[in-house]
Amino acid sequence: LLNLKSTPDCVPYLIAKKNVSLFTSHKIYSETELHARYEIMLENYCKTVCIEAQTMSDMARKQILPAVAHYAADVARDAAGKKALDTGISCGYEAKLVKKLTAVTESIDTRADALDGAIAKFKTLCDVTEGANFIRDEMLSRMTALRVAADEAETLTAESAWPFPTYGDLLFSVK
């Protein structure tokens with residue numbers, strides 16, 4: 001059996017010569033119908049992933065980045081307050097956390113820019129097969145990279161500052 005891992009890898013088999021022959025010989029589909037189904041499947045795939053990518057970028061820019069930046073500022077203010085109280089307090093934890101939060105914020109911003117660039121490039125493509133292959137080869141990897149950075153930010157940010165339910169909330173808080 002073939003081990004095809006993505007939609008753009010699978011759908012072309014619908015219009016492979018032996019499959020077209022099978023469907024047409026049994027009068028299930030005509031060759032024109034198979035090609036139409038091929039186009040529709042890839043078009044739906046492209047539209048769905050593009051909507052997901054745009055949503056992901058919006059969530060990163062409008063919710064995650066502001067929440068993490070605000071939390072980092074709160075931690076920095078807390079550390080400054082401790083230092084103002086007693087200059088001998090090290091605030092090592094707070095300083096390390098702010099550095100990590102700043103780095104992950106930069107990473108999210110850079111990866112969201114890369115995803116936005118891929119979305120813009122995708123919109124210039126006219127051929128559905130080319131678009132689906134671009135999504136598979138470029139856009140999905142950028143979405144994964146952004147997801148990794150956002151997941152790291154979630155582990156560093158206090159639950160009260162995170163704009164979405166945590167995985168624990170989703171799994172264990174059935175009401």
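Data block above holds the structure.
What counts and what doesn't
All residue numbers here refer to positions counted from 1 along the written sequence of the relevant chain. In keeping with the model being predicted, local features are shown solely for residues with a pLDDT of at least 70 and side-chain atom pairs are shown and tallied solely at 80 or more, while totals for entire chains, interfaces and linings include all residues. Calculated side-chain values reflect all of the structure's heavy atoms, with hydrogen atoms and water omitted. By the criteria applied, helices consist of DSSP H or I runs no shorter than four residues and strands consist of E runs no shorter than two, each listed in order from the N terminus. Exposure is judged per residue with a 1.4 Å probe applied to protein chains only, and the accessible area is read against the type maximum: over 50% gives exposed, under 20% gives buried, and values in between give partly exposed. Contacts: residue pairs with any heavy atoms within 4.5 Å of one another. For the purpose of charge, His is not counted, nor are the chain termini; Lys and Arg are scored as positive and Asp and Glu as negative. In plain terms, the charge of a residue is placed at NZ if it is Lys, CZ if Arg, CG if Asp and CD if Glu. Here, a salt bridge means any side-chain nitrogen of Lys or Arg that lies within 4 Å of a carboxyl oxygen of Asp or Glu. Centre distance within 6.5 Å is the pairing criterion for rings of Phe, Tyr and Trp, where only the six-membered ring of Trp is used; planes under 30 degrees apart are then read as stacked, over 60 as edge-to-face, and the remainder as tilted. Nonpolar core, defined: a set of buried Ala, Val, Leu, Ile, Met, Phe, Trp, Tyr and Cys residues in which side-chain atoms within 4.5 Å join the residues together. Here a cavity means grid points, on a 1 Å grid over the protein atoms only, where a 1.4 Å probe fits yet cannot get out; a pocket means an open set of points with protein on both sides within 12 Å along at least five of seven lines; lining residues are those with an atom within 4 Å of a point. Grid points are joined across faces, edges and corners, and a volume is the space filled by probe spheres set on the points.

Looking now at the overall build of the protein chain. Along the backbone of the protein chain there are 6 helices and 0 strands. In the protein chain, the order of α-helices and β-strands from amino to carboxyl end is α-α-α-α-α-α. On the principal axes, the C-alpha backbone points of the protein chain span a range of 85 × 40 × 25 Å. Residues counted as buried form 31% of the 175 residues belonging to the protein chain. Long-range contacts, defined here as pairs at least 24 residues apart, represent 67% of the contacts in the protein chain between residues at least 6 apart. In the protein chain, the 21 positive side-chain charges and the 24 negative ones have mean positions that sit 3 Å from each other.

Looking now at the pattern of salt bridges. Where charged atoms from two side chains of opposite charge come close, those side chains can pair. Taken as a whole, this structure holds 10 salt bridges when the rule is applied. The shortest N-O distance in the salt bridge between Arg61 and Asp116 comes to 3.1 Å. Within this pair, whereas Arg61 is found in helix H3 (residues 31-85), its partner Asp116 is found in helix H4 (residues 92-124), the two being separated by 55 residues in sequence. A salt bridge links Arg147 to Asp151; the nearest nitrogen and oxygen atoms lie 3.0 Å apart. One end of the pair is Arg147 and the other is Asp151, both in helix H5 (residues 128-156) and 4 residues apart, which spans about a single turn. Among the residues examined, Arg147 registers a relative accessible area of 41% and is labelled partly exposed. Sharing partners across several salt bridges, the network here consists of Arg61, Asp109, Asp113 and Asp116.

The tally for this structure, following the rule as stated, stands at 2 aromatic pairs. A centroid spacing of 5.6 Å and a plane angle of 65 degrees characterise the contact between Phe23 and Tyr29, whose relative ring orientation is edge-to-face. Classification of Tyr29 by relative accessible area gives partly exposed; the value is 24%. On the basis of an interplanar angle of 70 degrees and a centroid distance of 6.4 Å, the ring pair of Trp162 and Phe164 is categorised as edge-to-face. Given a relative accessible area of 10%, Trp162 falls into the buried group.

Another aspect to go through is the nonpolar core. In this structure, Ile108, Leu115 and Met139 are the most contacted members of the largest nonpolar core, which totals 41 residues. Mapped by element, the contributors of at least two residues to this core are H3, H4 and H5. The element that contributes the greatest number of residues to this core is H3, accounting for 16 residues.

Space inside the largest pocket adds up to approximately 340 Å³. Residue lining of the largest pocket: 15 residues in total, with Met59, Ile64, Arg147, Asp151 and Phe164 positioned closest to the centre. Looking at the lining of the largest pocket, the elements with two or more residues in it are H3, H5 and helix H6 (167-172).

Examined against the element boundaries, Glu154 turns out to sit in helix H5. Although Glu154 lies buried, it forms no salt bridge, and the closest oppositely charged side chain, Arg147, sits 6.4 Å away as judged by the N-O distance. If we ignore the near neighbours within four places in the chain, the residues touching Glu154 are Trp162, Pro165, Thr166 and Tyr167.

In short, the description is geometric, and any link to function would need to be established separately.
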